[in-house]
Amino acid sequence: MSLPDLIVRPRRLRKSPTMRRMVRETSLSANDFIYPLFVDETISEPREVASMPGVSRIPLSHVGDAVREVAALGIPGVILFGIPAKKDAIGSGAWDTHGVVQQAIREAKKASPETCVIADSCFCEYTDHGHCGVLHGDEVDNDETLANLQKEAVSYAEAGVDIVAPSGMMDGMIAAIRTALDAAGFESLPIMSYAVKYASGYFGPFRDAADSTPSFGDRASYQMDPANRREAIKEAELDMAEGADFLMVKPALAYMDIIREVKDANLLPMAVYNVSGEYAMIKAAAEKGWIDEKRVVLETMLSFKRAGADLILSYHALDVARWLNDDRQ
Ligand code: PBG
Ligand code: ZN
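Quick summary incoming for the structure in this document. Counting starts from 1 at the beginning of each chain's written sequence and moves along it residue by residue. Labels follow written order: the first chain is A, the first ligand is 1, and so on. Given that this is a predicted model, residues contribute local features only at a pLDDT of at least 70 and side-chain atom pairs are listed and counted only at 80 or more, while totals for whole chains, interfaces and linings are drawn from all residues. To get the side-chain values, all heavy atoms of the structure are used, and hydrogens and water are removed first.

A few words now on the coordination of the zinc ion (ligand 2). Counted as donors are N, O and S atoms no farther than 2.8 Å from the metal, or 3.2 Å for Na, K and Ca; water is not among the atoms, and sites may therefore look incomplete. With distances of 2.2 to 2.3 Å, the protein atoms coordinating the zinc ion (ligand 2) are Cys122 (SG), Cys124 (SG) and Cys132 (SG). Key to geometry: four donors with every angle between 85 and 135 degrees are tetrahedral; four donors are square planar and six octahedral where opposite donors lie over 155 degrees apart and all remaining angles lie between 65 and 115; all other sites are irregular. One way to put it: the 4 donor atoms around the zinc ion (ligand 2) meet at angles of 96 to 122°, and that makes the site tetrahedral. Judged by its relative accessible area of 1%, cysteine 132 is buried. Each residue is assigned to one of three classes by its accessible area relative to the maximum for its type, calculated with a 1.4 Å probe on protein chains only: buried under 20%, partly exposed between the two thresholds, exposed over 50%.

The subject of this paragraph is the pattern of salt bridges. For this analysis, a salt bridge means a side-chain nitrogen from Lys or Arg found within 4 Å of a carboxyl oxygen belonging to Asp or Glu. Scanning the entire structure with this criterion turns up 15 salt bridges. Here aspartate 65 makes a salt bridge to arginine 68, at a shortest N to O gap of 2.9 Å. Of the two residues, aspartate 65 and arginine 68 are both situated in helix α2 (residues 63–72); the distance of 3 residues between them amounts to about one turn of the helix. Close ionic contact of aspartate 182 with arginine 178 constitutes a salt bridge, the shortest N to O distance being 3.0 Å. Pair noted here: aspartate 182 and arginine 178 are both in helix α5 (residues 173–183), with a separation of 4 residues, about one helical turn. Helix and strand assignments follow DSSP, with helices taken as H or I runs no shorter than four residues and strands as E runs no shorter than two, numbered in order from the N terminus.

A few words on helix α11 (residues 317–328). A helix is expected to span 1.5 Å for every residue after the first. Between its terminal C-alpha atoms α11 stretches 17 Å, which fits the 16 Å expected from 12 residues at 1.5 Å a residue. The complete set of buried residues in α11 reads Ala317, Leu318, Val320, Ala321, Trp323 and Leu324. Whether two residues are in contact is decided by their heavy atoms: any pair within 4.5 Å suffices. Residues of α11 that are buried make contact with β1 (33–40), α2, α10 (293–307) and β12 (311–314).

One can find aspartate 319 in helix α11. In the structure, aspartate 319 is positioned 315 residues away from proline 4 in sequence and 48 Å away in space, judged by C-alpha atoms. If near-sequence neighbours (up to four positions away) are discounted, aspartate 319 is found in contact with Lys283 and Glu293.

The criterion for a residue being near a molecule or strand is simple. One of its heavy atoms has to lie within 4 Å of it. In the vicinity of ligand 1 there are 17 residues, among which Lys197, Arg207, Lys250, Ser276 and Tyr315 approach most closely. Contacts to ligand 1 include lysine 197, whose side-chain N or O atom sits 2.8 Å from an oxygen atom. Polar contact is defined as a pair of N or O atoms within 3.5 Å, subject to the rule that within protein one atom must be able to donate a hydrogen and the other to accept it, and that residues adjacent in sequence are counted only when both atoms are side-chain atoms. Between ligand 1 and arginine 207, the relevant distance is 2.7 Å, taken from an oxygen atom to a side-chain nitrogen or oxygen of the residue. Relative to its free-state accessible area of 410 Å², ligand 1 is covered by the protein chains to the extent of 100%. Basically, the charged four are Asp, Glu, Lys and Arg, the nonpolar ten are Ala, Val, Leu, Ile, Met, Phe, Trp, Tyr, Cys and Pro, and anything else, Gly included, counts as polar. Its residues assigned to classes, the shell around ligand 1 comprises 9 nonpolar, 3 polar and 5 charged. Residue burial considers only the protein chains on display, and all accessible areas are found by Shrake-Rupley using a 1.4 Å probe.

Attention shifts here to the environment of aspartate 88. Positionally, aspartate 88 belongs in the loop between β4 (77–83) and α3 (100–111). Overall, the relative accessible area of 25% leaves aspartate 88 in the partly exposed class. Sequence separation between aspartate 88 and alanine 309 is 221 residues, and the spatial gap between their C-alpha atoms is 36 Å. Excluding its chain neighbours within four sequence positions, the residues that come into contact with aspartate 88 are Tyr126, Thr127 and Asp128. A distance of 2.4 Å separates the side chain of aspartate 88 from the side chain of serine 92, its partner in a polar contact.

Let us look at the nonpolar core. By nonpolar core we mean a set of buried residues, namely Ala, Val, Leu, Ile, Met, Phe, Trp, Tyr and Cys, connected to one another through side-chain atoms within 4.5 Å. Counting residues in each nonpolar core, the largest one holds 83 residues, and the members touching the most others are Ile75, Ile105, Val164, Leu181, Val196 and Val262. For this core, the element with the highest residue contribution is helix α4 (residues 142–159), accounting for 7 residues. Setting aside anything within four residues of it in sequence, one finds leucine 181 in contact with Ala153, Val154, Ala157, Val164, Phe186, Glu187, Leu189 and Ile191. With 26 residues, the next largest nonpolar core counts Met52, Ile79, Met248 and Tyr279 among its residues.

Glancing now at unusual backbone geometry. For residues other than glycine, phi is negative in most cases, and the peptide bonds are mostly trans. Between lysine 250 and the following residue, proline 251, the backbone shows a cis peptide bond with an omega angle of -10°. Structurally, proline 251 is set in the loop between β10 (246–250) and α8 (256–265). The backbone of aspartate 211 shows a phi angle near 55°, a positive value even though the residue is not glycine. Here aspartate 211 lies in the loop between α6 (204–210) and α7 (230–241).

Laid out in C-alpha coordinates, this is it:
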(Lines give C-alpha, C1' and ligand atoms only; values in the text may rest on other atoms or scores of the structure.)
(Ligands and ions follow the chains in the order given, each with its own letter.)
Protein backbone atom coordinates (compact mmCIF):
# COMPACT_ATOMS: atom_id res chain seq x y z
CA MET A 1 0.00 0.00 0.00
CA SER A 2 1.34 3.44 -0.81
CA LEU A 3 1.83 6.03 1.94
CA PRO A 4 0.03 9.37 1.78
CA ASP A 5 1.89 12.17 -0.07
CA LEU A 6 1.19 14.69 2.62
CA ILE A 7 2.78 12.97 5.58
CA VAL A 8 4.43 15.64 7.74
CA ARG A 9 8.02 14.79 8.65
CA PRO A 10 9.36 16.67 11.71
CA ARG A 11 12.23 14.14 11.72
CA ARG A 12 13.80 16.04 8.79
CA LEU A 13 14.90 18.67 11.30
CA ARG A 14 16.39 16.10 13.70
CA LYS A 15 18.59 14.37 11.16
CA SER A 16 22.02 15.61 12.17
CA PRO A 17 23.64 17.36 15.13
CA THR A 18 24.06 20.46 12.98
CA MET A 19 20.42 20.52 11.93
CA ARG A 20 19.36 20.04 15.54
CA ARG A 21 21.65 22.86 16.58
CA MET A 22 20.00 25.15 14.00
CA VAL A 23 16.45 24.60 15.23
CA ARG A 24 17.20 24.46 18.97
CA GLU A 25 14.88 26.87 20.81
CA THR A 26 16.57 27.07 24.21
CA SER A 27 20.16 27.08 25.37
CA LEU A 28 22.14 27.12 28.59
CA SER A 29 25.11 29.24 29.50
CA ALA A 30 27.13 29.96 32.62
CA ASN A 31 25.49 33.41 32.51
CA ASP A 32 22.19 31.82 33.55
CA PHE A 33 23.41 30.79 36.99
CA ILE A 34 23.70 32.04 40.55
CA TYR A 35 25.66 29.91 43.00
CA PRO A 36 24.57 29.70 46.67
CA LEU A 37 27.28 29.94 49.35
CA PHE A 38 26.83 28.99 53.01
CA VAL A 39 29.18 31.01 55.17
CA ASP A 40 29.61 29.75 58.73
CA GLU A 41 31.12 32.09 61.27
CA THR A 42 31.87 29.25 63.71
CA ILE A 43 34.20 27.09 61.61
CA SER A 44 37.74 27.46 60.29
CA GLU A 45 37.68 24.67 57.66
CA PRO A 46 34.96 23.81 55.12
CA ARG A 47 32.44 21.27 56.34
CA GLU A 48 30.43 19.22 53.85
CA VAL A 49 26.64 19.17 54.25
CA ALA A 50 25.74 15.50 54.76
CA SER A 51 22.57 15.60 52.66
CA MET A 52 24.15 17.71 49.88
CA PRO A 53 27.27 15.94 48.56
CA GLY A 54 29.61 18.46 46.95
CA VAL A 55 28.23 21.39 48.97
CA SER A 56 30.05 22.69 52.05
CA ARG A 57 29.62 25.37 54.63
CA ILE A 58 32.69 27.54 54.33
CA PRO A 59 34.46 29.80 56.83
CA LEU A 60 34.79 33.54 56.17
CA SER A 61 38.44 33.02 55.27
CA HIS A 62 37.37 30.93 52.23
CA VAL A 63 34.80 33.33 50.79
CA GLY A 64 37.30 35.16 48.58
CA ASP A 65 38.56 31.94 46.96
CA ALA A 66 35.05 30.59 46.52
CA VAL A 67 33.88 33.74 44.75
CA ARG A 68 36.97 33.83 42.53
CA GLU A 69 36.27 30.21 41.50
CA VAL A 70 32.68 31.10 40.60
CA ALA A 71 33.86 34.11 38.57
CA ALA A 72 36.53 32.09 36.75
CA LEU A 73 33.81 29.71 35.54
CA GLY A 74 31.87 32.59 34.02
CA ILE A 75 29.04 32.53 36.57
CA PRO A 76 27.88 36.11 37.19
CA GLY A 77 26.61 35.90 40.75
CA VAL A 78 26.54 34.28 44.17
CA ILE A 79 23.84 34.32 46.83
CA LEU A 80 25.03 34.35 50.43
CA PHE A 81 23.51 32.56 53.41
CA GLY A 82 25.04 33.13 56.83
CA ILE A 83 25.34 30.85 59.84
CA PRO A 84 25.99 33.21 62.77
CA ALA A 85 27.77 32.35 66.01
CA LYS A 86 24.91 33.78 68.08
CA LYS A 87 21.15 33.64 67.64
CA ASP A 88 18.37 35.40 69.57
CA ALA A 89 14.58 35.67 69.62
CA ILE A 90 14.34 38.38 66.93
CA GLY A 91 17.37 37.53 64.80
CA SER A 92 19.19 40.79 65.52
CA GLY A 93 22.44 39.33 64.15
CA ALA A 94 20.96 39.89 60.70
CA TRP A 95 21.52 43.66 60.89
CA ASP A 96 24.83 43.62 62.77
CA THR A 97 27.46 45.63 60.84
CA HIS A 98 29.96 42.90 61.73
CA GLY A 99 27.53 40.03 61.10
CA VAL A 100 28.59 36.99 59.12
CA VAL A 101 26.86 38.01 55.88
CA GLN A 102 28.07 41.62 56.14
CA GLN A 103 31.65 40.32 56.49
CA ALA A 104 31.14 37.83 53.67
CA ILE A 105 29.84 40.58 51.37
CA ARG A 106 32.98 42.65 52.00
CA GLU A 107 35.25 39.63 51.41
CA ALA A 108 33.41 38.70 48.22
CA LYS A 109 33.48 42.20 46.75
CA LYS A 110 37.16 42.56 47.62
CA ALA A 111 38.04 39.24 45.94
CA SER A 112 35.95 39.73 42.80
CA PRO A 113 34.45 43.22 42.40
CA GLU A 114 32.67 42.32 39.16
CA THR A 115 30.78 39.38 40.70
CA CYS A 116 27.17 40.15 41.58
CA VAL A 117 26.81 39.50 45.30
CA ILE A 118 23.26 38.78 46.41
CA ALA A 119 22.25 38.49 50.07
CA ASP A 120 19.33 36.28 51.03
CA SER A 121 17.42 38.47 53.44
CA CYS A 122 15.51 36.58 56.12
CA PHE A 123 15.80 35.75 59.81
CA CYS A 124 15.48 31.97 60.11
CA GLU A 125 19.27 31.53 60.35
CA TYR A 126 19.44 34.21 63.06
CA THR A 127 16.50 33.38 65.33
CA ASP A 128 16.88 30.86 68.15
CA HIS A 129 13.45 29.39 67.18
CA GLY A 130 14.23 29.11 63.45
CA HIS A 131 11.17 31.02 62.19
CA CYS A 132 11.49 33.74 59.55
CA GLY A 133 10.66 36.69 61.81
CA VAL A 134 9.57 38.01 65.19
CA LEU A 135 7.21 35.73 67.13
CA HIS A 136 4.06 36.73 68.99
CA GLY A 137 3.00 33.55 70.69
CA ASP A 138 3.36 30.95 67.95
CA GLU A 139 2.75 33.40 65.10
CA VAL A 140 5.29 35.35 63.07
CA ASP A 141 4.34 39.03 63.39
CA ASN A 142 4.34 40.43 59.87
CA ASP A 143 4.82 44.13 60.50
CA GLU A 144 7.41 43.87 63.27
CA THR A 145 9.36 41.59 60.97
CA LEU A 146 9.12 44.21 58.19
CA ALA A 147 10.79 46.80 60.42
CA ASN A 148 13.68 44.38 61.01
CA LEU A 149 13.87 43.52 57.31
CA GLN A 150 14.40 47.20 56.59
CA LYS A 151 17.36 47.30 58.97
CA GLU A 152 18.78 44.07 57.54
CA ALA A 153 18.55 45.27 53.93
CA VAL A 154 20.17 48.63 54.68
CA SER A 155 22.94 46.88 56.60
CA TYR A 156 23.69 44.59 53.62
CA ALA A 157 23.61 47.61 51.33
CA GLU A 158 26.12 49.43 53.54
CA ALA A 159 28.38 46.37 53.40
CA GLY A 160 28.36 46.64 49.60
CA VAL A 161 25.83 44.04 48.43
CA ASP A 162 24.65 44.23 44.80
CA ILE A 163 21.13 42.80 45.24
CA VAL A 164 19.00 42.04 48.30
CA ALA A 165 16.77 39.00 48.08
CA PRO A 166 14.05 38.84 50.77
CA SER A 167 12.92 35.24 51.21
CA GLY A 168 10.61 35.33 54.21
CA MET A 169 7.27 35.76 52.42
CA MET A 170 6.15 38.62 54.66
CA ASP A 171 3.33 40.75 53.21
CA GLY A 172 4.60 44.12 52.05
CA MET A 173 8.27 43.12 52.28
CA ILE A 174 9.24 44.64 48.94
CA ALA A 175 7.61 48.02 49.62
CA ALA A 176 9.16 48.12 53.10
CA ILE A 177 12.66 47.30 51.85
CA ARG A 178 12.39 49.65 48.85
CA THR A 179 11.36 52.53 51.13
CA ALA A 180 14.22 51.87 53.55
CA LEU A 181 16.85 51.49 50.83
CA ASP A 182 15.73 54.68 49.09
CA ALA A 183 15.72 56.63 52.35
CA ALA A 184 19.30 55.48 53.00
CA GLY A 185 20.47 56.58 49.56
CA PHE A 186 20.44 53.13 47.92
CA GLU A 187 17.81 53.88 45.29
CA SER A 188 19.91 52.09 42.64
CA LEU A 189 20.13 48.81 44.53
CA PRO A 190 17.85 46.13 43.01
CA ILE A 191 15.56 43.78 44.95
CA MET A 192 15.12 40.16 43.92
CA SER A 193 11.89 38.98 45.53
CA TYR A 194 11.30 35.39 46.54
CA ALA A 195 7.79 36.31 45.44
CA VAL A 196 6.37 32.85 44.87
CA LYS A 197 7.74 30.57 47.54
CA TYR A 198 5.90 27.45 48.59
CA ALA A 199 5.92 25.70 51.98
CA SER A 200 7.92 22.81 50.62
CA GLY A 201 9.36 19.51 51.77
CA TYR A 202 12.14 20.10 49.25
CA PHE A 203 13.86 22.57 51.61
CA GLY A 204 14.87 19.75 54.00
CA PRO A 205 18.62 19.52 53.24
CA PHE A 206 18.98 23.35 53.20
CA ARG A 207 17.82 23.52 56.77
CA ASP A 208 20.73 21.25 57.74
CA ALA A 209 23.07 23.39 55.67
CA ALA A 210 21.86 26.69 57.13
CA ASP A 211 20.89 25.42 60.57
CA SER A 212 17.45 27.01 60.16
CA THR A 213 14.91 24.29 60.99
CA PRO A 214 11.96 25.75 62.93
CA SER A 215 12.03 24.47 66.52
CA PHE A 216 8.22 24.06 66.45
CA GLY A 217 5.51 24.08 63.82
CA ASP A 218 6.18 24.85 60.17
CA ARG A 219 6.20 27.79 57.75
CA ALA A 220 2.72 27.23 56.31
CA SER A 221 1.34 30.51 57.75
CA TYR A 222 3.75 32.55 55.62
CA GLN A 223 4.94 30.36 52.72
CA MET A 224 2.42 29.35 50.04
CA ASP A 225 0.24 26.26 49.87
CA PRO A 226 1.58 23.93 47.12
CA ALA A 227 -2.01 23.45 45.96
CA ASN A 228 -2.31 27.06 44.77
CA ARG A 229 -1.77 28.41 41.28
CA ARG A 230 -3.74 31.66 41.04
CA GLU A 231 -2.18 32.81 44.28
CA ALA A 232 1.24 32.66 42.59
CA ILE A 233 0.12 35.29 40.08
CA LYS A 234 -1.30 37.40 42.89
CA GLU A 235 2.00 37.28 44.84
CA ALA A 236 3.99 38.10 41.71
CA GLU A 237 1.75 41.06 40.86
CA LEU A 238 1.91 42.45 44.39
CA ASP A 239 5.69 42.31 44.49
CA MET A 240 5.95 43.87 41.06
CA ALA A 241 3.65 46.70 42.14
CA GLU A 242 5.75 47.20 45.28
CA GLY A 243 8.86 47.67 43.16
CA ALA A 244 10.59 44.30 42.86
CA ASP A 245 13.25 44.23 40.13
CA PHE A 246 13.39 40.43 39.82
CA LEU A 247 10.86 37.79 40.79
CA MET A 248 11.64 34.29 41.94
CA VAL A 249 9.70 31.03 41.93
CA LYS A 250 10.78 28.42 44.45
CA PRO A 251 11.09 25.42 44.46
CA ALA A 252 11.56 24.89 40.73
CA LEU A 253 11.28 21.27 39.62
CA ALA A 254 7.82 20.47 40.99
CA TYR A 255 6.57 23.94 39.98
CA MET A 256 7.31 24.14 36.25
CA ASP A 257 3.69 25.12 35.54
CA ILE A 258 4.01 28.02 37.98
CA ILE A 259 7.29 29.15 36.39
CA ARG A 260 5.61 29.39 33.00
CA GLU A 261 2.52 31.15 34.29
CA VAL A 262 4.40 33.71 36.34
CA LYS A 263 6.69 34.37 33.38
CA ASP A 264 3.74 34.99 31.07
CA ALA A 265 2.03 37.26 33.61
CA ASN A 266 4.72 39.97 33.83
CA LEU A 267 7.79 41.47 32.22
CA LEU A 268 10.33 41.22 35.04
CA PRO A 269 13.40 39.00 34.81
CA MET A 270 12.58 35.78 36.61
CA ALA A 271 14.80 33.57 38.72
CA VAL A 272 13.99 30.03 39.82
CA TYR A 273 15.50 28.28 42.82
CA ASN A 274 16.54 24.69 42.15
CA VAL A 275 16.42 23.90 45.85
CA SER A 276 18.38 21.62 48.15
CA GLY A 277 15.97 18.65 47.99
CA GLU A 278 16.00 18.71 44.19
CA TYR A 279 19.79 18.65 44.30
CA ALA A 280 19.88 15.86 46.89
CA MET A 281 17.57 13.62 44.82
CA ILE A 282 19.77 13.84 41.74
CA LYS A 283 22.99 13.36 43.71
CA ALA A 284 21.60 10.32 45.54
CA ALA A 285 20.36 8.61 42.39
CA ALA A 286 23.63 9.38 40.60
CA GLU A 287 25.68 7.98 43.48
CA LYS A 288 23.73 4.75 43.17
CA GLY A 289 24.49 4.66 39.46
CA TRP A 290 20.79 4.85 38.64
CA ILE A 291 20.96 7.99 36.49
CA ASP A 292 23.57 9.76 34.38
CA GLU A 293 24.24 12.83 36.55
CA LYS A 294 25.55 15.16 33.86
CA ARG A 295 22.79 14.34 31.42
CA VAL A 296 20.00 14.63 33.98
CA VAL A 297 21.33 17.87 35.47
CA LEU A 298 21.74 19.55 32.08
CA GLU A 299 18.29 18.39 30.98
CA THR A 300 16.74 19.73 34.20
CA MET A 301 18.48 23.12 33.88
CA LEU A 302 17.51 23.43 30.21
CA SER A 303 13.92 22.65 31.17
CA PHE A 304 13.90 25.51 33.69
CA LYS A 305 14.96 27.82 30.86
CA ARG A 306 12.32 26.38 28.54
CA ALA A 307 9.69 26.92 31.25
CA GLY A 308 10.65 30.60 31.38
CA ALA A 309 13.52 31.04 33.84
CA ASP A 310 16.01 33.80 33.09
CA LEU A 311 18.24 32.89 36.04
CA ILE A 312 18.73 29.64 37.93
CA LEU A 313 19.93 29.49 41.53
CA SER A 314 21.49 26.07 41.78
CA TYR A 315 23.98 24.01 43.78
CA HIS A 316 24.83 22.34 40.44
CA ALA A 317 26.03 25.67 38.98
CA LEU A 318 29.78 24.98 39.21
CA ASP A 319 29.42 21.53 37.61
CA VAL A 320 27.16 22.90 34.90
CA ALA A 321 29.60 25.70 34.04
CA ARG A 322 32.47 23.17 33.86
CA TRP A 323 30.47 20.82 31.65
CA LEU A 324 29.45 23.66 29.32
CA ASN A 325 33.07 24.79 29.07
CA ASP A 326 34.31 21.22 28.39
CA ASP A 327 31.67 20.62 25.74
CA ARG A 328 32.70 23.76 23.90
CA GLN A 329 36.27 22.49 23.46
C1 PBG B 1 15.24 31.08 54.05
C2 PBG B 1 15.47 30.23 52.85
C3 PBG B 1 15.20 28.86 52.66
C4 PBG B 1 15.71 28.52 51.39
C5 PBG B 1 16.25 29.69 50.86
N6 PBG B 1 16.06 30.74 51.76
C7 PBG B 1 14.63 27.83 53.55
C8 PBG B 1 13.27 27.92 54.07
O9 PBG B 1 12.45 28.75 53.68
O10 PBG B 1 13.02 27.09 54.96
C11 PBG B 1 15.68 27.13 50.79
C12 PBG B 1 16.75 26.83 49.79
C13 PBG B 1 16.95 25.39 49.50
O14 PBG B 1 16.22 24.49 49.96
O15 PBG B 1 17.90 25.11 48.76
N16 PBG B 1 13.96 31.57 54.24
ZN1 ZN C 1 13.54 32.37 56.42
